[in-house]
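Each chain is listed here by its residues.
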Amino acid sequence: MSRRVRRRIARRGKEKVDCVEIDENLSLDRKGILDWIRLPDDTVIQLFSCLNYRDRANLSSTCRSWRILGKSPCLWQELDLRPHKCDTFAAASLASRCQNLQKLRFRGLESANAIINLQARNLREISGDRCKKMTDATLSVLAARHEALECLQIGPDFCERISSDAVKAVAICCRQLQKLRLSGIHEVDADAINALAKHCLNLTDIGFIDCRKVDETALGNVGSVCFLSVAGTTNIKWNLVLQPWSKLPHLTGLDVSRTDINPSTVLRFFSSFHSLKVLSALNCPALENDATFISNNNHKGKMLLAVFTDILKGVSTLSANTSEDRRNVCLNWRKFKTKDRESEGIMNWLEWILSHSLLRVSEGNPPGLDNFWLNQGSTLLHSFIRSAQEEVQERAATALATFVVIDDENASIDTGRADAVMRDGGIHLLLNLARSWREGLQSEAAKAIANLSVNANVAKAVAEEGGISILANLAGSVNKLVAEEAAGGLWNLSVGEEHKGVIAEAGGVKALVDLIFKWSRTTGGEGVLERSAGALANLAADDKCSMEVSSVGGVRALVALARNCKDEGVQEQAARALANLAAHGDSNGNNAAVGQETGSLEALVQLIHSPHDGVRQEAAGALWNLSFDDRNREAIAAVGGVEALVALAQSCSNASHGLQERAAGALWGLSVSEVNSIAIGRGGGVAPLIALAQSNAEDVHETAAGAIWNLAFNPGNALRIVEEGGVPTLVHLCSSSVSKMARFMSALALAYMFDGRLDKNCMLCCRMDEIALTGTSTESTSKSVSLDGARKMALKNIEAFVLTFSDPRAFSAAAASSAPTALTQVTESARIQEAGHLRCSGAEIGRFVAMLRNPSSILKACAAFALLQFTIPGGRHAQHHVGLLQNAGAPRVLRASAAATGAPLGAKIFARIVLRNLEQHQKRSLV
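Small disclaimer: the values here were computed from a predicted structure and weren't measured.

## Brief notes about the overall build of the protein chain
Move 1: Within the protein chain, the secondary structure is distributed over 50 helices and 16 strands.
Move 2: Across the protein chain, every contact between residues at least 6 apart in sequence was considered, and the portion connecting residues at least 24 apart equals 69%.
Move 3: Accessible surface, the protein chain as shown: approximately 39200 Å² in total, 49% of it carbon and sulfur.

Okay, structure coming up:
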C-alpha cells in the first residue's frame, strides 16, 4: 500500500495548526497494533508540538530518528522556562535547539542570568516575572545579547533594582523594539525616555507600570507610541502632561488606572487628544468619588473604561457585530473581526491592560467595588479566559482566584462573587483552561478552581463538571506549580463529605501520596507537601477513604513527613492526617498501622515540643486517637509521651481551646493505663488538668474531667487532686457544666476519691511512697486539706447529680410494677447518650461493683447509675462491660442491692435496670 498523506486544519486550544491525516491502515502492523515507528516525520513533529518540553525530551530519547525530529526548528520557536529550573548548565544544554527561538518566557533572577547561554540571537520577545532581584546589569546584558528584540516585558513584580540606566541600555541595543512594559521601576528619567525616542523608532507600546517616578514630559517625545500605560505609577504631575502628550500623533490608547488622575485632566484629555480612542481609568479614586464627572457622558467620542462605566458595551463597539452578547465580547470580536489592524491592536492592548489592572485591583481588594465585580468585573475576566493571548488567560484565571478571597488565613471567600463566577459559566471555562497542555494555564486555572471550591456550591459545580478527575490528573504533573495548585484544589474539595469517595475513585488518593513521596525528597516542595497532606487529612476522616490512604502507602508517607520535614505547615497537616487515620477505632486497622509504623510515635511526641500551636495541637490529637489502642498507649509512654504531654498541659493555659482539649484528651487516653496514670500524677499532670477543668469551653473541661476521672482511680492521684484544690473544681463541673458527660465524669471522679480508700492511713502511705521515689520529703510542700469537709461536699454534689436523672413518677411506676415499660421509661430519662463511648477496665468495673456494697447510700446510687450507662443495649462497649460484670460476680451483688430494704429507691431501680441489661445481652449472645 502506498502512503497517502493529506493535510487538514485542526485546532489546539485557540490556535490553528497543520495536522497530518494518514490512511488508517498505514501505521498498523499485521496484528492491528499501532506501529509508531512508521509514522511520517511531519506527523511525529505534530505530536511533539502538542507536548510540554519535558515530555518532548522524554519522547525524543526513545530512538535516534525521533531525537533528530525533536530538534526540528519549528518545535523550538517558543520556550516557556517558568516551570523549570533554568541555570547556566540547563540553558547551555538547550542551546543547540534554540537557534531559531522567537519567544521566551522565564521566571526569576537565576533564569534571567542563564538566558544568554541559550545562544538565541534571533529572539523577538522576552517576558519575565518574579524578577524583584533583577539588576541593571542583568537587563542590560539581556538587551545586548538579543538586539533583534521587538517585545520586552518584565513584571508584574516590583523591579526596584532596575533603573533608568538599564532602560537606556535597552534603547541603544534593541532598536527594533516595538513593545516595552516594565513594572515597579524606582525611576524612569528623561534621558532614558529620550533614548527610547531616539533609537527605537518602531516603539508603539510603552508600559511603565507601578513605577515610583516617570518623567511625564519626556514621554511626549516618543512620537511613535500608540499605546501608553502608566497604571499604578505615582508622582505624575498631571498638569504637565497635557501639552506634550497631546502632540503624540498616534496615541490611540492610554491607561491611567490606579493613579490619582483628576476629572479635569481627563476632560482635557478628551478635548485635546485627537487621535485618542480609549482611556482606561480603573480604580481611580478621584474619578469614582466625583458624582458630577460620573454623570457626565460627554466623552468627545472617546471610550472611557472605569468601574462606573459600561466597559462591556464600550469594548463591544470594536466588534464588527455589536448585536452579539456583550458578555463574550472578546470572543465575538475575534469571530467577526475585520482586517483592520488598528482595531486588532486596540483589542489586544485592551485585553492586556484590563486583565493586568483587574488582577492588581483584586490583589488590593479596595472597598466599594462589590457592585463592579458582580455586574461586570467577573464577566470581563470570563471573557479574557477566552483570549488568544496566553498571558491574558493566565492573568484572568489568577484574578478569578484572587478577587473572591476575603480572608487568606481563614480561607473564606465572598459568596456573591463566587455565585457570579458560576452564573456566567466561569467553572466550565476554568476547567477547560485546566485541560490545556500549557502548564502555565494549568496552574493558574487549578488555583482559581481551588480557591472557588471553598464555597460548597462551587465545589458541587466543579464535581458535577468532572473537575475532580481533572485535578487528580493534574496532581500527577511533574510540574511543581501545577501539582501544588491541583493538590490545593483536592484539599478544598475534600472538605465535602460527598466528594471524598469521588476523589478516591478518580485516583486522587494515590496521586496525593505519590506527590508526598516525590517532593519530600527534594527542597522547595513544601507547598505541594502541605496541600497534599491537608487533602489526605480530610480524606482520612472518611472510613472508606482512610483505608484507601493506608493501602497506597499513605501511612508511611505521612509518618516520613512528620519525622523529616521541618516546615510547620507540613508538620501540622501530616499530624492531622495521622490523627484522622487513627480515629476510626475498631472499624479498620489504621490505628494499629499508624502506631506500628517505624518512628511514628517518636515523631508525634517530638512534634509536641514544636513552638507552633497548630503543630502541637494536631500531634496531641493524633496521640489521643492512637491511645485508644492498648499497644499504642504503652508505646507512646515508652518514647516519652507522658512527659511531653504533661509539659504541654502545663504550658497551654493561654493557648487555643483546640490545643487545650487535645492536650487533656491525650492525657485522658494515656491514663487508661494505671502505670501511665501514676506516671502522669507523679510527673505533675494533676494541677494543669485541674486548671483546664476550670475552662469555660465545654470541650476542654469535658476532656479534662475525663482525664481526672481516670487519674482519681489511683489513691496517690486522688490525694494529689485533693491537695491541688481539685474537689471544688469537680464539684463545680458536677453541678454547673452544660455537658452531661463532664458532670457524669466529675461525679465518678469524686466517687472514686471518697469511696473509703482515701483516708489518713492512705495519705501517709502515699506520702511515704513519694519520699521513697524522690528521696525528699513532700510534707513541707503538701497542701493542708480537710478530707472530711471535702468528702461531705463531694457526696452532696454526687447525690444532687444523680437526682437530676431521677424522674419521681417513673421511679414510682417502676417500684410499683415489674413491667419492662416502666424500667424502659426510667432508662430513657437517665440515659447519657455519649457515655456509651466510654470503655472501662475490669478493675474499674470491679470498683463500681464494690461500691454497691458501700455503706454510703449516695455512692451506691452513683455506682448503680454508672453501671446503667455502661450496659445499656446498643452502647459501643456495652457487651464488653457485661462480660466484665459477669466475671466480677456482679449479678449477685446487683440483686442484693435491688432487694435491700434500707437502700435508696434510685439505687434499687438502677440496679434492677442493670440486671435487666445483663439478661438482655445474655439472651442476644445465645441467639
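## Regarding the environment of Ala815
Move 1: Mapped onto the secondary structure, Ala815 falls in helix α44 (residues 808-816).
Move 2: Separated by 93 residues in sequence, Ala815 and Lys908 have C-alpha atoms that sit 8.8 Å apart.

## Comments concerning the pairing of strand β7 (residues 179-183)
Move 1: Among the five residues in β7, four count as buried, and that is most of the element.
Move 2: Where strand β6 (residues 151-154) meets β7, four bridges bridge the pair, whose relative direction is parallel. Paired with Cys151 across the bridge in β7 is Lys179.
Move 3: For the segment spanning β6, helix α7 (residues 164-173) and β7, crossover handedness is right-handed.
Move 4: Across five bridges, β7 lies against strand β9 (residues 205-209) in parallel orientation. Note that in β9 the partner of Lys179 across the bridge is Asp205.

## Description of the nonpolar core
Move 1: Residues Phe744, Met753 and Phe870 are the most contacted members of the largest nonpolar core, which totals 220 residues.
Move 2: At eleven residues, helix α47 (residues 857-871) tops the list of elements feeding residues into this core.
Move 3: Apart from residues no more than four positions distant in its own chain, Phe870 is found in contact with Trp709, Phe744, Leu748, Ala835, Leu838, Cys840, Ile845, Phe848, His877, Ala878 and His881.
Move 4: Residues Leu118, Leu177, Leu196 and Cys284 belong to the second largest nonpolar core, which totals 81 residues.

## Quick word on empty space enclosed by the protein
Move 1: Tallying each qualifying case throughout the model produces two cavities of 30 Å³ or more.
Move 2: In this structure, the second largest cavity is lined by Ile116, Gln119, Ala120, Arg121, Arg145 and His146.
Move 3: Partitioned by chemical class, the residues of the lining of the second largest cavity number two nonpolar, two polar and two charged.

## Details of unusual backbone geometry
Move 1: Cis rather than trans, the peptide bond between Gly155 and Pro156 has omega equal to 10 degrees.
Move 2: Inspection of the secondary structure puts Pro156 in the loop between β6 and α7.
Move 3: Despite not being glycine, Asn283 shows a phi value in the positive range, around 55 degrees.
Move 4: Mapped onto the elements, Asn283 comes out in the loop between β13 (278-280) and α11 (285-288).
Move 5: Unusually for a residue other than glycine, Lys300 sits at a positive phi of about 55 degrees.
Move 6: With respect to the secondary-structure elements, Lys300 resides in the loop between α12 (291-295) and β14 (303-305).

## As for the pairing of β6
Moving residue by residue along a regular strand, the side chains alternate between the two faces of the sheet.
Move 1: Burial along β6 is two-sided: Cys151 and Gln153 facing one way and Leu152 and Ile154 facing the other are all buried.
Move 2: As paired elements, strand β5 (residues 125-129) and β6 share four bridges and run parallel to each other. Across the sheet, residue Ile126 finds its bridge partner in β6, namely Leu152.
Move 3: Crossover β5 to β6 through helix α6 (residues 136-145) is right-handed.

## A short note on the sheet that holds β6
Move 1: One open sheet holds the ten strands; their spatial order is β3-β4-β5-β6-β7-β9-β11-β12-β13-β14, and the pairing between them is parallel. Whereas interior strands pair on both sides, the edge strands pair on one side only; in this sheet they are β3 (78-80) and β14. Strand-to-strand twist in this sheet, taken as the mean axis angle between neighbours without regard to direction, amounts to 5 degrees.

So, how was this worked out
Residues numbered from 1 in each chain as written. Predicted model: local features only at pLDDT ≥ 70, side-chain atom pairs only at ≥ 80, totals over all residues. Heavy atoms only, no water. Helix = DSSP H or I, 4+ residues; strand = E, 2+ residues; numbered from the N terminus. Contact = heavy atoms within 4.5 Å. Areas by Shrake-Rupley, 256 points an atom, 1.4 Å probe, with all protein chains shown as cover. Buried < 20%, exposed > 50% of the residue type's maximum accessible area, 1.4 Å probe, protein only. Pairing = 2+ DSSP bridges. Right-handed = clockwise from strand over helix to strand, strands pointing away. Core = buried A, V, L, I, M, F, W, Y, C linked by side-chain atoms within 4.5 Å. 1 Å grid on protein atoms, 1.4 Å probe; cavity = no way out; pocket = protein on both sides within 12 Å on 5 of 7 lines; lining within 4 Å. Points joined across faces, edges and corners; volume = space filled by probe spheres on them. Nonpolar A, V, L, I, M, F, W, Y, C, P; charged D, E, K, R; others polar. Axes fitted to C-alpha atoms, helices over the stretch in contact; angles between N-to-C directions.

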